[in-house]
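A look at the structure
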Amino acid sequence: MAAIGVHFGYTCACVAIFKDGRADVVANDAGDRVTPAVVAYRDTEQIVGIAAKQGRIRNAANTVVKVKQILGRSFDDPEAQKHLAESKCPVINKDKKPRYEIDMGEVTKIVSPEEVAKLVFHKMKETAQSALGSDITDAVITVPFEFGEMQKNALRQAAEGAGFSVLRLIHEPSAALLAYGIGQDSPTGKSHVLVYKLGGTSLTVTVMEVNSGMYRVLATHTDHSIGGEGFTQALAQYLAAEFKKSYKHDVTGNPRAMMKLMNSADVAKHTLSTLGSSNCFVDSLYDGMDFDCNVSRARFELLCSSLFNKSIQPIKALLEQVGLSSSDISKVVLCGGSARIPKLQQMIQDLFPDVELLSSIPPDEVIPVGAAIEAGILLGRESSALDQDSITVDCCARDILVKEADDSGADVYTVLFPSGTPLPARRQHTLHGPGSLSSICLELYQSQAHNNTPQEKVAQIVLNNLEPKEENHDIVTVVTMKRDGSLHVTCTEQGSGKSEAVTVAVAS
Amino acid sequence: MLKEAVEGQVTVVCNAIAASVQFQVEPVGRWFEAFLKRRDRNVSASFQELEEEEELSEESEDEELQLEEYAMLKTLDPKDWKNQDHYAVLGLAHMRYKATQKQIKAAHKAMVLKHHPDKRKAAGEQIVEGDNDYFTCITKAIEILSDPVKRRAFDSVDPTFDNAVPSKAEGKENFFEVFSPVFERNSRWTSKKHVPKLGTMDSTFEEVDTFYSFWYNFDSWREFSYLDEEEKEKAECRDERRWIEKQNRASRAQRKKEEMNRIRTLVDTAYSCDPRIKKFKEDEKARKESEKKAKAEAKRREQEEKERARQAELEAARLAKEKEEEEAKQAAQQAKKEKEIQKKAIKKERQKLRTTCKNWNYFADSEAESVKMMEEVEKLCDRLELVSLQSLNEMLSSGTKEEGKAAVEKHVQQVNAQLQKEREAEVQARQASRSSEQASSGSGGGSKGWNEEELQLLIKAVNLFPAGTNARWEVIANYMNLHSTSGIKRNAKDVINKAKNLQKLDPHQKDEINKKAFEKFKKEHAAVPPTVDNAVPSERFEVSGAEANAAWTTEEQKLLEQALKTFPVNTPERWEKIAAVVPGRTKKDCMKRYKELVEMVKAKKAAQEQVAAKSKK
């Protein structure tokens, strides 16, 4: 059995298969691992993918792009209105729902965004099937964190319409974490992870807390004005200026020429992520004149520097919002095609100097891979169905710490039980005490609500009459917290087996 | 490094901890799934973590396996493998059926490492050749314990298992101490999970109920194939194998039955000894009894209440009656007194009259006259009542002898006239009764009674419609019905019969009837109470009633009849309307009259019927 994860983005869609314990992205029939989410309607057929994207130059009015922007939205929605303004394909209002108007020669066909999405999903299904050689229905679909109930439902319906049996809808940042298996090895420990996703048209930065293998979104920021397309646009503008310089012709007013330039710039941009320079060549761009131009990576970075700066800014604001410093972030996950850009990666690395930047999985494939891993986890479960999309769990409110002394004798606090741990939970620690002592005292503290420094003493545990010995006393401390938050701590000295236990009740 | 405890520091809780908070988590990852599973199964503690820990501890125990029982191993006879304790052979005697496959494998491995013939040979030990070495026992043990089916068969007949069932006497004493371990150890045979515990004295009824229902429906996996006497594998041909199989099946079934019986006995014994069951039964009984009592109490109270009400009513009635009686008695006494006083007064007056008369020598001159007068005076004394006597006496005492004589004579005349009238009335009454008797007998059997009025009416009608009138008798009958006051409907036949009878009657009687009609006419139109003069004192009230009665003139009667007809029974406020139509009569009068009429008609009818019955006889 195999299951797949599907990422359906604003500009691109991608599918990954989970098989034999690993997940991998599969290439479509054109050999590309990422399929543009573009649907073109021609006389009798619908074309999905790269062919549709390229055909847009000639068939813009019947080609639907960025359908995700209006999927599940009402016509009056500001996002839908924005899409309306950009779309080359006419959109009409029907019962307060946006509908595409497709010119089919004699008749006009009314197409709903869900139908367009369905076609994209169908294409992804075909891709997965051709790679597996067998039919496949079980899938996990990713959705942006900010998607509302209506949009999720629309997406689910579109996927089901394409023949998928949707195991679950998961959020894109969670899928990204899952792709790297963050927190999946051990069910203990707590860390913060930043997910930086820069897609074709949108930027999403999310801070997540990973605790006991469970993910929690602390804060997220989405900006629909920044994206890979912006970079391409900037490059295309530069190319147009270059063309004007050499041929004295302004092509910016010519949509077809601009579209040609855009496609060329897109290719050049992709190349520049790996190579130092790229060649742009457009056959008969304008009036039979060919266009040929070399762009260096430095030139591109210069062109886009303000955009890059804009792309980085939300990170700082977000960290401030959740009250974390850059050192509190243990990992940064990059996803989205534009996160491949070396300059951007470097800028992020500068923000988090001590942090590992996870980009070993191609950033545009991270999300579908994560979805496929989740699909693998869910596969074969009797009841994978979830009543609600997000689940509320009881969590520990404060850090539980123990006071110790470091080598110099100064007080240090060690976290025994981190806040945000899903309850009930049990944590075991082995603490050490100097072997020369005959009695040892464990002082338990809980962190204050807002700042971590001033501690509140909760309990102390004293182990008396220990036999002094040469090596250290090993004290096994088991900390158990029940669902309501009440704490039970048991300390056992390994050498003598002496033990003490306390139960701390919840403040009413 | 932990710190040293300062002198006097003790283990203590000094602050409450913050309550848990709720967070939304992303529904992804295997730990989330594990969490979901835990939550769905409602395992309170971190179940999986515990399970893992347990596994860890087991593994650590494996390494500490006791392998010192060589002595026992060496005494084993490989041929007698069936009777050996396989767990003991592998050094798992302390684990027995609780040993995991992992542990069994580990134990076997350890055993092999120690006891393999090659190993021992290398160590310079003498090895018995062939299958007779005790290592075969180890092989056999792992063979049985590693196969789930064979292991189950061996577990089923575990020699260390205590099959004993406590007796009732034992159970009565310390029920929980005796039965708890028994159920505990028998619960290993269950094929279901979650065996309910025996519980304690404080267990609820539900808990006890679940416990017993579980044990009464005990589903055991215990089977007795290990004890098969014949071995199927040893059979030489198919028939023999079949025979062996049959044999084994029978013995297994038998043993299984015994086992079920054993469990059943155990549960039965426990149930009968269970103090809780007794308690529940008693509770139930007590509850029912108290309910019954409450019911009876309520009933009793209700009855008492009723009785009391009845008593009170009776008492009130009695009191009222007593009061009435008392009043009546008093009234009677009063009346008696008055009567006596009156009597005395009369006596006195009479005496006075007599003496006065005597004084005046009875206003007579001659002896004979005085005697006659004396008689008259005596009559006066008898007849006159108090008032007139008084007035007479007064007159006598105040007036002269002459005046007195006149007064006395006047009274004597009055009295005589009265006597005369009475006598006449008597005669008349006798005559009337006779004539009415005649009339009723004359009208023939079966016919309705004809009274005088109707006879008069008939005669009048006959005269009004002379012979030759068209359908004469019907017309007469109709006329009669219209004008009759008695309300009796006559048909033509009746009328013919009566008329014939009347014709047959002598003219004298006819005359009499006519005369009577005239008399009556006179009486009614004179509107004088005819009986007032000859009324006796004691009849006064009735007389006054008769007076009212008689006061109904024919005019009024007619009006009343007409009114009765125009206002049928169901008219609202019928009597008011009737009274309004009849001038000079109240509603009450009308009703009374009507009632009287009805009464009269009824009485007449009854009399006629009696007559008819007599005549029939």
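Before any of the text, the structure's been laid out above.
Summarised in this report is the structure supplied together with it. (Residues numbered from 1 in each chain as written. Chains lettered and ligands numbered in written order. Predicted model: local features only at pLDDT ≥ 70, side-chain atom pairs only at ≥ 80, totals over all residues. Heavy atoms only, no water.)

1. A look at the packing of aromatic side chains
All names here are of chain B.
- Across all of its chains, the model carries 26 aromatic pairs over all chains by this definition.
- Between F183 and F211, the ring centres sit 4.8 Å apart and the planes meet at 75°, which makes this aromatic pair edge-to-face. With F183 in helix α10 (residues 175-186) and F211 in helix α11 (residues 205-216), this residue pair connects regions lying 28 residues apart in the sequence. Each member of the pair, F183 as well as F211, carries the same accessibility label: buried.
- A network of ring pairs unites the aromatic residues F175, F176, F179, F183, F211, Y212, F214, W215, Y216, F218 and Y271 as a single cluster.
- Sitting over the face of the ring of W473, R472 holds its NZ or CZ atom 4.7 Å from the ring centroid. (Phe/Tyr/Trp six-rings, centres within 6.5 Å; stacked < 30°, edge-to-face > 60°. Helix = DSSP H or I, 4+ residues; strand = E, 2+ residues; numbered from the N terminus. Buried < 20%, exposed > 50% of the residue type's maximum accessible area, 1.4 Å probe, protein only. Lys NZ or Arg CZ within 6 Å of the ring centre and 35° of its normal.)

2. Re a negative patch on the surface
- Together, B:E229, B:E230, B:E236, B:D239 and B:E240 line one region of the surface with negative charge.
- One can find B:E229 in the loop between α11 and α12 (238-273). (Patch = residues over 30% accessible without salt bridge, like charges linked within 9 Å, V, L, I, M, F, W, Y side chains within 5 Å. Areas by Shrake-Rupley, 256 points an atom, 1.4 Å probe, with all protein chains shown as cover. Salt bridge = Lys/Arg side-chain N within 4 Å of Asp/Glu carboxyl O. Lys, Arg positive; Asp, Glu negative; His and termini not counted. Charge placed at Lys NZ, Arg CZ, Asp CG, Glu CD.)

3. Points about the interface of chain A and chain B
- Counting residues at the interface gives 80 residues for chain A and 41 residues for chain B.
- Counting each side, the surface lost to burial between chain A and chain B is near 5400 Å², with a carbon and sulfur contribution of 56%.
- Applying the counting criterion to the chain A and chain B interface returns 1 salt bridge.
- Across the pair A:R168 and B:E33 runs a salt bridge whose closest N-O atoms are separated by 2.8 Å.
- Across the chain A-chain B interface, the total number found is 23 residue pairs in polar contact (both at pLDDT 80 or more).
- When grouped by side-chain class, the residues that make up the side of chain A that touches chain B number 42 nonpolar, 20 polar and 18 charged.
- Relative to strand β3 (residues 21-25) of chain B, strand β20 (residues 391-395) of chain A is paired through 5 bridges, and the arrangement is antiparallel. Across the sheet, A:I391 pairs through a bridge with B:V25, a residue of β3(B). (Contact = heavy atoms within 4.5 Å. Buried area = accessible area lost by both parts, 1.4 Å probe. Polar contact = N/O pair within 3.5 Å; in protein donor to acceptor, adjacent residues only side chain to side chain. Nonpolar A, V, L, I, M, F, W, Y, C, P; charged D, E, K, R; others polar. Pairing = 2+ DSSP bridges.)

4. Quick notes on a positive patch on the surface
- The grouping of A:R381, B:K37, B:R41 and B:K193 at the surface amounts to a positive patch.
- Relative to the assigned elements, A:R381 resides in the loop between α10 (366-378) and β20.
- Residue A:R381 is classed as partly exposed on the basis of its relative accessible area, which comes to 33%.

5. Some words on the pattern of salt bridges
- Inspection of the entire model under this criterion finds 40 salt bridges over all chains.
- Of the charged contacts in the structure, one is a salt bridge between A:E443 and A:K457, with a shortest N-O distance of 3.0 Å. Of this pair, A:E443 sits in strand β24 (residues 440-447) while A:K457 sits in strand β25 (residues 455-463), and the two are 14 residues apart along the sequence.
- A:K457 gets classed as partly exposed once you look at its relative accessible area, which sits at 22%.
- The partner of B:R308 in a salt bridge is B:E305, and the shortest N-O contact between them spans 3.1 Å. Of this pair, B:R308 and B:E305 are both found in helix α13 (residues 275-359), 3 residues apart, which corresponds to roughly one turn of the helix.

6. Comments concerning the side chain of B:R151
- With respect to the helices and strands, B:R151 occurs in helix α8 (residues 148-156).
- Once you skip the residues sitting within four places of it in the chain, B:R151 turns out to touch B:Y87, B:R96, B:Y97, B:A99, B:Q101, B:I104, B:I144 and B:L145.

7. Describing helix α23 (residues 574-581) of chain B
- Along α23(B), the residues classified as buried are B:R574, B:W575, B:I578 and B:A579. With its buried residues spanning 125° around the axis, α23(B) presents them on a single face. (Arc of directions from axis to C-beta.)

8. Things to note about the packing of α13(B) against helix α15 (residues 386-398) of chain B
Residues and elements named next belong to chain B.
- Look at α13 against α15: their axes get within 9 Å of each other, and the N-to-C directions meet at 35°. Handedness of the crossing formed by α13 with α15: left-handed. Contacts from Q342, A345, I346, E349, R350, K352, L353 and T356 in α13 reach L386, L389, Q390, L392, N393 and L396 in α15.
- For the contact of α13 with α15, the per-class residue count stands at 7 nonpolar, 4 polar and 3 charged. (Axes fitted to C-alpha atoms, helices over the stretch in contact; angles between N-to-C directions. Left-handed = near helix turned anticlockwise from the far one by under 90°.)

9. A look at the sheet that holds strand β26 (residues 473-481) of chain A
Residues and elements named next belong to chain A.
- Spatial ordering of the open sheet is given by β23-β26-β27-β28, a layout of 4 strands whose pairing is antiparallel. In this open sheet, the two strands that pair with only one neighbour each are β23 (425-433) and β28 (499-504). Recorded for the sheet is a direction-independent mean angle of 15° between the axes of neighbouring strands.
- The pairing of β26 with strand β27 (residues 487-493) spans 7 bridges and is classified as antiparallel.

10. Quick look at the sheet that holds strand β19 (residues 356-358) of chain A
All names here are of chain A.
- Read across the sheet, 5 strands follow the order β15-β14-β13-β18-β19 without closing on themselves; strand pairing throughout is mixed. In this open sheet, the two strands that pair with only one neighbour each are β15 (214-223) and β19. Across this sheet, the average inter-strand angle for adjacent strands is 20°, counted without regard to direction.
- Bridge count between strand β13 (residues 190-198) and strand β18 (residues 329-335): 6 bridges; the pairing is parallel. Considered in β18, the bridge of L194 is made with V332.

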